[in-house]
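Coordinate inspection notes
Here is what each chain is made of, one letter per residue.
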Amino acid sequence: MLGSVSGQTTNFRSGLVAIVGRANVGKSTLLNALLGQKLSIVSAKPHTTRHRLLGVLNGSDFQAALIDTPGFLRKGRDQLDAAMARQLSGALGDAHVIVLAAEPRYPGDVERALIEQIASVDVPALLALTKTDTIARQKLLPVMARYAETHPFAEIVPVSALERDGLTPLAEAIGAHLPEQDALFPPEMFTDRTTRFLVGELVREKIFEHYAHEVPYDTAVEVVTFEEREGEAPDYIRAVVYVDTPSQKRLLIGKGGGALKEVGVLARSEIEALTGRPAFLELWVKVNTRWRRKAGFIQRTL
Ligand SMILES: Nc1nc2c(ncn2[C@@H]2O[C@H](COP(=O)(O)OP(=O)(O)OP(=O)(O)O)[C@@H](O)[C@H]2O)c(=O)[nH]1
Ligand SMILES: [Mg+2]
């Protein structure tokens, strides 16, 4: 169990907050918006997030350790799916508060399955109705009413991460439902992930944005070298991009290496924004046939 790190506090609340939901509903975008900083990668494709990732939100009288999770997977096809599902159920099991993120529509089968899991754990659950910029206000009320009938949510909060609308009420609702206890993490701790991991994720994000069909899903990224340099000299980063087949390798690299180069340029600028330092990024593509079925490989890269 984690120790308390702050001193004597009165009425201070803190704990782990699992953000769960269907793939692509905006969980990672919401986490970043609540934190006010990009931590988790985002794309228009479902199942972008593969890992649980913790970001610490420090309020004036609470500390919420927000956990982003992979989108709900009903049944795993392979080891990667199974690992992603474990990351989600692990976060649900650990949480002091659960935030179910859902688009502003009536609950579907995925939401019902998640609500069933939420109902089986004895912690407060909040519902965040995301992307409210995409629908008219009056359409929200019947959706909120339907959800309220489905589960006794502690609060239902409509949000638009894009327009930064509803974020303060959501943060306050999270804070109010955390257990009374001292902070779990030191105030300077922002995430449980290493810069090296986050760098790999930024490369993966650009691949999710850039390639169609199965290529992003058959891609894994491993940062093999991360040398921090002094002063003006750029940090040296070498990442291996694994794919499933030689044809995916050709697609990823593109004509004359153009496609991969573009990924590198975009990833590098985000890496520099993350570290605040110049970076030199080298990308290598390797084929690792059927890696999604290899538990050891997944454990290493996840
Ligand atoms: N219009 C609008 N789009 C949003 C909002 N939040 C997220 N999106 C978009 O929704 C898509 C999915 O966002 P993510 O944050 O990656 O969703 P996720 O739930 O983390 O997805 P997975 O990790 O794949 O489960 C992206 O294209 C986002 O830009 C919002 O408030 N408004
Ligand atoms: Mg995500």
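Residues numbered from 1 in each chain as written. Chains lettered and ligands numbered in written order. Predicted model: local features only at pLDDT ≥ 70, side-chain atom pairs only at ≥ 80, totals over all residues. Heavy atoms only, no water.

Thoughts on the overall build of the chain
For clarity, the threshold we go by: The helix count covers DSSP runs of H or I at least four residues long, the strand count covers runs of E at least two residues long, and both are numbered beginning at the N terminus. In this treatment the radius of gyration is a C-alpha quantity, and the globule benchmark scales as 2.2 Å times the residue count to the 0.38 power. Whether a residue is buried, partly exposed or exposed follows from its accessible area with a 1.4 Å probe, protein chains only, as a fraction of its type maximum: under 20%, in between, or over 50%, in that order. The criterion used for residue contact is that any of the two residues' heavy atoms lie within 4.5 Å. The protein chains shown are the only cover counted for residues, whose accessible areas, like all others here, come from Shrake-Rupley with a 1.4 Å probe. This count recognises Lys and Arg as positive and Asp and Glu as negative, with His and chain-terminal groups excluded. Where a charge lies is defined by one atom per residue type: Lys uses NZ, Arg uses CZ, Asp uses CG and Glu uses CD.
Scanning the chain from terminus to terminus reveals nine helices and nine strands. The C-alpha radius of gyration computed for the chain amounts to 20 Å, which stays within 12% of the reference 19 Å derived for 302 residues, consistent with globular compactness. In terms of its C-alpha atoms, the chain occupies a principal-axis envelope of roughly 55 × 45 × 35 Å. Looking at the chain as a whole, 49% of its 302 residues qualify as buried. A sequence separation of at least 24 residues applies to 73% of the contacts in the chain between residues at least 6 apart. Here the chain displays about 14300 Å² of accessible surface, and carbon together with sulfur accounts for 51% of that area. Within the chain, the 36 negative side-chain charges are centred at a point lying 9 Å from the centre of the 36 positive side-chain charges.

Quick look at the sheet that holds strand β9 (residues 279-287)
For clarity, the threshold we go by: Two strands form a pair only when DSSP identifies at least two bridges running between them. Lines fitted to the C-alpha atoms define the axes, with helices restricted to the stretch that makes contact. Angles between their N-to-C directions range from 0 to 180 degrees.
What the three strands build is an open sheet, ordered β7-β8-β9; its pairing is mixed. Where the open sheet ends on each side, the last strands, each with one partner, are β7 (220-227) and β9. Each neighbouring strand pair of the sheet contributes to a mean axis angle of 20°, computed without reference to strand direction. Pairing between β7 and strand β8 (residues 235-243): seven bridges, direction antiparallel. Pairing of E227 across the sheet is with Y236, part of β8. Strands β8 and β9 of the sheet are contacted by helix α7 (residues 246-253), whose axis makes an angle of about 155° with β9.

So, the coordination of the magnesium ion (ligand 2)
Metal coordination angles in their ideal form are 109.5 degrees for the four-donor tetrahedron and 90 or 180 degrees for the six-donor octahedron. Keep this limit in mind: Each metal site is built from N, O and S donor atoms within 2.8 Å (3.2 Å for Na, K and Ca), and since water is not included, such sites may look incomplete.
Protein coordination of the magnesium ion (ligand 2) is provided by S28 (OG) and T49 (OG1), with donor distances spanning 2.0 to 2.1 Å. Pair noted here: S28 is in helix α1 (residues 27-35) and T49 is in the loop between α1 and β2 (53-58), with a separation of 21 residues, a long-range link. Residue class for S28 comes out buried when judged on its relative accessible area of 7%. Classification of T49 by relative accessible area gives buried; the value is 9%.

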